[in-house]
Amino acid sequence: RKRLPALRRGRYRSVAASGGAYAAIRADDTERLLIAVNTGDSCCLDLPRTALDGAQAGSRLWGDGALRATKDGAEVFMPKRTGSLFRLESSHAFS
């Protein structure tokens, strides 16, 4: 957390929830982070384009989840009972 100021002090916004899965964005003036948590079985959580604050890319910083672009935004795949952290960016593609 010390290396990621947005995680400690950033603005917080919930962006998606379904069953035991939840995603939120923490952002400050320098970075945007997507936090995804899954308390249930493996799942995919759809993230609408509007929820991504214009991000067109994301790189995984922690966890076993995967972030993929879709025609309507993105989806995050999460194995059962895991969490993941992604840095959102405005260029390139989701990975």
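Scoring rules and cut-offs
- Here, residues in each chain are numbered from 1, in the same order as that chain's written sequence.
- In keeping with the model being predicted, local features are shown solely for residues with a pLDDT of at least 70 and side-chain atom pairs are shown and tallied solely at 80 or more, while totals for entire chains, interfaces and linings include all residues.
- Calculation of side-chain values draws on the structure's entire complement of heavy atoms; hydrogens and water are dropped beforehand.
- Here a strand is any run of E in DSSP of at least two residues, a helix any run of H or I of at least four, and the numbering for each starts at the N terminus.
- For this analysis, residues touch if any pair of their heavy atoms sits within 4.5 Å.
- Definition used for salt bridges: Asp or Glu carboxyl oxygen within 4 Å of a side-chain nitrogen of Lys or Arg.
- Summary of the burial criterion: residues with accessible area below 20% of their type's maximum are buried, those above 50% are exposed, and those between are partly exposed, where the area comes from a 1.4 Å probe applied to protein chains only.
- In short, DSSP must find at least two bridges between two strands for them to pair.
- You can read pLDDT as the predictor saying how much it trusts each residue, on a scale of 0 to 100.
- Lines fitted to C-alpha atoms define the axes here, with helix axes fitted over just the stretch in contact, and angles between the N-to-C directions of these axes take values from 0 to 180 degrees.

Draft legend 1. A look at the side chain of Arg26. Note that Arg26 resides in strand 2 (residues 21-27). If near-sequence neighbours (up to four positions away) are discounted, Arg26 is found in contact with Ala6, Leu7, Arg8, Arg9, Gly10, Arg11, Tyr12, Glu31, Arg32, Leu33 and Ile35.

Draft legend 2. Here's a closer look at the pattern of salt bridges. Enumeration over the complete set of coordinates arrives at two salt bridges. In this structure, Arg87 engages Glu31 in a salt bridge whose closest nitrogen and oxygen atoms are separated by 3.3 Å. Separated by 56 residues along the polypeptide, Arg87 in strand 8 (residues 82-89) and Glu31 in the loop between strand 2 and strand 3 (32-38) bring together distant segments of the chain. Overall, the relative accessible area of 26% leaves Arg87 in the partly exposed class. Two residues, Glu75 and Arg68, come together in a salt bridge whose shortest N-O distance is 3.2 Å.

Draft legend 3. Representation of the pairing of strand 2 in the model. For strand 2, the tally of buried residues reaches six of seven residues, placing the bulk of the element in the interior. As defined by bridge partners, strand 1 (residues 11-18) adjoins strand 2 across seven bridges and the pair is classed as antiparallel. Residue pairing in the sheet places Arg13 in a bridge with Ile25 of strand 2. The antiparallel hairpin formed by strand 1 and strand 2 contains two residues in its connecting segment, where Gly19 sits at a positive phi of about 60°. Where strand 2 lies against strand 3, seven bridges are found, and the strand directions are antiparallel. What sits directly across from Ile25, in strand 3, is Leu34.

Draft legend 4. Molecular detail of unusual backbone geometry. One non-glycine residue, Arg81, lies in positive phi territory at about 50°. Within the element layout of this structure, Arg81 appears in the loop between strand 7 (73-78) and strand 8.

Draft legend 5. Looking closely at the confidence of the model for the protein. For the protein, per-residue confidence averages 86 on the pLDDT scale, and 92% of positions sit at 70 or higher. Summarising per-element confidence for the protein, the mean pLDDT is lowest in helix 1 (residues 5-9) (83) and highest in strand 3 (94).

Draft legend 6. Broad picture of the sheet that holds strand 4 (residues 43-48). Strand order in the open sheet formed by three strands is 4-7-6, and the pairing between neighbours is antiparallel. Lying at the two open borders of the sheet, with one neighbouring strand each, are strand 4 and strand 6 (66-70). Strand-to-strand, the axes of this sheet are offset by a mean angle of 25°, without reference to chain direction. Here six bridges tie strand 4 to strand 7, and the two strands are oriented antiparallel to one another. Across the sheet, residue Cys44 finds its bridge partner in strand 7, namely Phe77.

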